[in-house]
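# Residue-level structural notes
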Amino acid sequence: MVVVMQEGATEEQIQHVIQRLVEMGFDVHRSTGVRHTVLGAVGAKLDFDTRDIELFDGVREVLRISAPYKLASRAFRPEGTVVELGRGVRVGGEQVVVMAGPCSVESAEQIETIAAQVRQQGAQVLRGGAFKPRTSPYSFQGLGEPGLKYLREAADRHGLLVVSEVMDHTQIPLLDRYVDIFQVGARSMQNYNLLRELGKVRKPVLLKRGMSAMIEELLLSAEYILAGGNYQVILCERGIRTFENYTRNTLDIAAIPVIKKLSHLPIVADPSHATGRRDKVPPMARAAVAAGVDGLLVEVHHDPEHALSDGAQSLFPQQFAQLMKELRIIAPAVGRRVN
Ligand code: PEP
Ligand code: MN
């Protein structure tokens, strides 16, 4: 941390800041310039709040130089993390892993039909919500456990893995019986109780970025899971809320290389929730692969017009097939591979 004192700060004010920093456990290095005195404070506690010093008399600004997370930072594992999902599928390696399926599991027949179609096109993970975090309490809330059962059975029949959303910590034991990856939805990114409990499970967690979360906040949420001892965390950029409302959200493509630099954790993109419109999904999926994602989470439905949730952003199976073909051309250009 660097503390820049105001021009004309008195020696008394400077000494006061130094004294407080030392009391807080910092090693202080003073540089007395012609106009400004700058204090370099080394050994910051991770949860240090810069405002505590900013408010002292004579202080102009306080700059944090180390990240507030440790286990999620790139420095912790410079080589990057590869998360093993099962069946030999790995996220964070050369392969771009495609996770596809409906927004919600609606019936055994629906998920069976979609599982067969996405598998045929090269998806390796079947997605589908059984517990849905809907904006309106009157919207379809998901089938619950029967949905998980249909999802697991369809996945097993087609050699797919399963990702499904866990909405709160009490659902963990139930989901654990059916899923290979626990999905934490955008609305739950700051459900710290849930994150802490997922730190205790020994299965991968797909952690979505909250709709107004900064990258640092996403990485701090990941830190909760890592701090509990579960290192199998996959981050997900699913679009953030901006002033633009033509699309449902704004896919923050730049977050992909930024997160790659800041963290060793793999990152996938969800172009479906990011755009909210089926015709915009393939271009954003292609862009995400070009930008270096480790995987994609895509909504696909055989009859989107009758889908119980997110039909408008669900690809028709033939659109998904076309997208997979395109991704197989784009991925090698950036040193990656698509199944
Ligand atoms: C979903 O994946 O269906 C979902 C609800 O996504 P998000 O949490 O990103 O809104
Ligand atoms: Mn959805």
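How each quantity is defined
Residues numbered from 1 in each chain as written. Chains lettered and ligands numbered in written order. Predicted model: local features only at pLDDT ≥ 70, side-chain atom pairs only at ≥ 80, totals over all residues. Heavy atoms only, no water. Helix = DSSP H or I, 4+ residues; strand = E, 2+ residues; numbered from the N terminus. Buried < 20%, exposed > 50% of the residue type's maximum accessible area, 1.4 Å probe, protein only. Contact = heavy atoms within 4.5 Å. Areas by Shrake-Rupley, 256 points an atom, 1.4 Å probe, with all protein chains shown as cover. Lys, Arg positive; Asp, Glu negative; His and termini not counted. Charge placed at Lys NZ, Arg CZ, Asp CG, Glu CD. Donors = N, O, S within 2.8 Å, 3.2 Å for Na, K, Ca; no water. Core = buried A, V, L, I, M, F, W, Y, C linked by side-chain atoms within 4.5 Å.

## Considerations on the overall build of the protein
- When its secondary structure is counted, the protein shows 11 helices and 15 strands.
- Referenced to the eigenvectors of the C-alpha coordinate spread, the extents of the protein come out at roughly 75 × 45 × 40 Å.
- A burial count over the protein gives 52% of its 339 residues as buried.
- In the protein, of all internal contacts separated by at least 6 residues, the share reaching a separation of at least 24 is 68%.
- As displayed, the protein has an accessible area near 15000 Å², and 52% of this comes from carbon and sulfur atoms.
- Placing the 40 positive and 39 negative side-chain charges of the protein at their respective mean positions leaves the two points 5 Å apart.

## Focus: the coordination of the manganese ion (ligand 2)
- Here the manganese ion (ligand 2) is held by Cys103 (SG), His273 (NE2), Glu299 (OE) and Asp310 (OD), and the distances to it run 2.0 to 2.3 Å.
- Coordination of the manganese ion (ligand 2) draws on donor residues from a single chain, spaced C-x169-H-x25-E-x10-D in sequence. On the criterion of sequence distance, the pair formed by Cys103 in the loop between β7 (95-101) and α3 (108-120) and His273 in helix α9 (residues 271-275) is long-range, its members being 170 residues apart. Each member of the pair, Cys103 as well as His273, carries the same accessibility label: buried.

## Some words on the environment of Leu175
- Looking at the secondary structure, you find Leu175 in helix α5 (residues 172-176).
- Taking the C-alpha atoms as reference points, Leu175 and Val62, 113 residues apart in sequence, are found 45 Å from one another.
- Every residue in contact with Leu175, bar those within four places of it in the chain, is listed here: Phe131, Leu148, Ser164, Glu165, Val166 and Phe182.

## Some points on the nonpolar core
- If you look at the biggest cluster of nonpolar residues, it comprises 66 residues, and the most contacted ones within it are Leu207 and Leu235.
- In terms of residue count, the dominant contributor to this core is helix α7 (residues 215-227) (6 residues).
- The contacts of Leu207, once residues within four sequence positions are left out, are Val184, Met189, Leu195, Leu218, Ser221, Ala222, Ile225, Val233, Ile234, Leu235 and Cys236.

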